[in-house]
Amino acid sequence: MAECSVCAAPPATVSFSRHCLRHANRSVKVAVIGAGVSGLVAARELQRENHSVVVFEQNDVVGGNWIYDPRTESDPLGLDPNRETIHSSIYVSLRTNLPRALMSFRDFPFLRSRHDPRTFPSHEEVLRFLNLFSDRFGIRQLIRFGTRVVRVERENEEWVVESLDRSSDSVTREVFEAVVVCSGHNSIPRIAEIEGIERWKGFQMHSHNYRVPQPFRHQVVLLIGYRHSAFDIMVDISPVAKEVHVSVKDNRLDVKFENVKYHDMIKCVNEDGSISFQDGSTIFADTIIHCTGYKYSFPYLDTNGIVEVQDHCVGPLYKHIFPPTLAPWLSFIGIPTQEPIFRIAELQSMYVARVLSGKNFLPQEEEMTESIQYIYQEMEKNALPKSSCSLSLRPLQTDYKHWLAAQNGLPPLEEWWENLLIEYFKKWIELPGKYKDQWDDAYWDGIIQTTSTFQIQI
Ligand SMILES: Cc1cc2nc3c(=O)[nH]c(=O)nc-3n(C[C@H](O)[C@H](O)[C@H](O)COP(=O)(O)OP(=O)(O)OC[C@H]3O[C@@H](n4cnc5c(N)ncnc54)[C@H](O)[C@@H]3O)c2cc1C
């Protein structure tokens, strides 16, 4: 690859049009993979910066994880590599776990609608909102629906993207200067390791394949995990199941249901098929549901080993976005799992769009690498393993959001936004399951309306 044709900048910073970012013609040909929250907001920001954008989406509609799919996979645990995968992991009863104001975009609020005005609305309401967003900013016309990306590979300093048109079964090869990965990470089940599980004769599944409670009528069900999905499923099935047992890491729960019992972590499955827990209790169960989260997976992406997935860590990524060696031509949006992703994906997308158009400059590769090392060190100081680097932005979450806002020429995130997030975490810990219906709507709506120009009411 040659130097920049204008200023002789080193090849690593030069696109295939032979311009470095400083002298680029400012419009880059970009492939965005996925039309969920991340892909939609990436497309909007890239378009706003006048890039030439193609969004590849395997589904026929926008919304990603928020498109409810009643089908389940042929392997309910999601381990069979040959199964036909289903992208969405949502169930009929799902309501958002975040207040809707935290699922808004900066200039496109998630307003209470007449369909579902609740602070924690149903999944249908989120999908409706994403459709409104797509229409408002003309994003649909950028999307190739029914088109699955099957390979992304670097060849001669450009990206070759191979995509499968699902209706004609034909594969197309195209070249792009930049690729933005927005394919989500809530689809590939992560399973609990259980000693003696090979003796288990009952039914096992992952929450990815949970849709409705009826199949669990009169059953004894064991749920592993206790984050949002496990809690929701427990509430959903306890009215129909005979008993529900929940195995949790930290048994801090005092939410009482007549037929629900909490246990410590599983010790093993015994010879007689019973299941023992570390607290000494033992049960017989009909079904185990693993509510144990998801794996990062980018099966189509070949970076020659530059980007790797290790447990809960996708890296190395500068600011959770750019792999230093391939920056800015490869980027990832929406990677941190446990963060309010709408606003973060929006700020990340603006940053990527501005870097590609030459408005923002990335530091040198070494400096990006040092910045990544600094995050790992801060995590270690806070007893957070490097292998969880993509789970959350802790301990630098506030700095990160402010830094991103500043890169985009924006003021720091509003005070109400930060306070609402803190309140949500507090309530989720104090009142899991109940917090959605014990939320002080009037108080928080009042704070938002009086301290900002942001709207939440219809
Ligand atoms: C049960 C559950 C509850 C949740 N509740 C909340 C909540 O209350 N609030 C919240 O903010 N977040 C919640 N989340 C997180 C949720 O995933 C995010 O809100 C959001 O959907 C992430 O958007 P995304 O675009 O990154 O990924 P996705 O929504 O997963 O979208 C990825 C898109 O990429 C497409 N795609 C994937 N691979 C390919 C390919 N090879 N070629 C073409 N297209 C491809 C998919 O079809 C999909 O449309 C929840 C997640 C789960 C599982």
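Residues numbered from 1 in each chain as written. Predicted model: local features only at pLDDT ≥ 70, side-chain atom pairs only at ≥ 80, totals over all residues. Heavy atoms only, no water.

**Observations regarding a negative patch on the surface**
In plain terms, the rule: Grouping into patches uses exposed residues only, defined as over 30% relative accessible area, and leaves out salt-bridged ones; the cut-off is 9 Å for like charges and 5 Å for nonpolar side chains (Val, Leu, Ile, Met, Phe, Trp, Tyr). Per-residue and other accessible areas were derived by the Shrake-Rupley procedure at a 1.4 Å probe size, with only the shown protein chains allowed to occlude residues. By salt bridge we mean one thing: a side-chain nitrogen of Lys or Arg within 4 Å of a carboxyl oxygen of Asp or Glu. When charges are counted, neither His nor the chain ends are considered; positive counts come from Lys and Arg and negative counts from Asp and Glu. Charge positions come from single atoms, namely NZ of Lys, CZ of Arg, CG of Asp or CD of Glu. Only DSSP runs of H or I covering at least 4 residues are called helices, and only runs of E covering at least 2 are called strands; the numbering of each starts at the N terminus. We call a residue buried when its accessible area falls under 20% of the maximum for its residue type, exposed when it is over 50%, and partly exposed in between, using a 1.4 Å probe and counting protein chains only.
A surface patch of negative charge is lined by Glu365, Glu366, Glu367 and Glu370. Within the fold, Glu370 resides in helix H5 (residues 365–381). Its relative accessible area of 55% is what places Glu370 among the exposed residues.

**Some points on the pattern of salt bridges**
In this structure the tally under the stated criterion is 23 salt bridges. Between Arg173 and Glu155 there is a salt bridge, and its shortest N-O distance comes to 3.2 Å. With Arg173 in strand E6 (residues 170–176) and Glu155 in strand E4 (residues 147–155), this pair connects stretches of sequence that are 18 residues apart. In this structure, Glu378 engages Lys381 in a salt bridge whose closest nitrogen and oxygen atoms are separated by 2.8 Å. Residue Glu378 and its partner Lys381 are both found in helix H5; the two are separated by three residues, about one turn of the helix. Salt bridges linked by common partners bring Arg100, Glu125 and Arg128 together as one network.

**Regarding the pairing of strand E5 (residues 158–165)**
Heads up, the condition is: Strands were regarded as paired on the criterion that DSSP finds at least two bridges between them.
Burial within E5 is extensive, with seven of its eight residues counted as buried. As paired elements, E4 and E5 share eight bridges and run antiparallel to each other. By the bridge assignment for E5, Arg154 is matched with Trp159. Connecting the antiparallel pair E4 and E5 is a turn made up of two residues, with Asn156 showing a positive phi of about 50 degrees. Sheet topology places E5 next to E6; seven bridges connect them, and they run antiparallel. What sits directly across from Asp165, in E6, is Ser170. Linkage of E5 to E6, two consecutive antiparallel strands, is achieved through a turn of four residues, within which Asp169 is found at a positive phi near 65 degrees.

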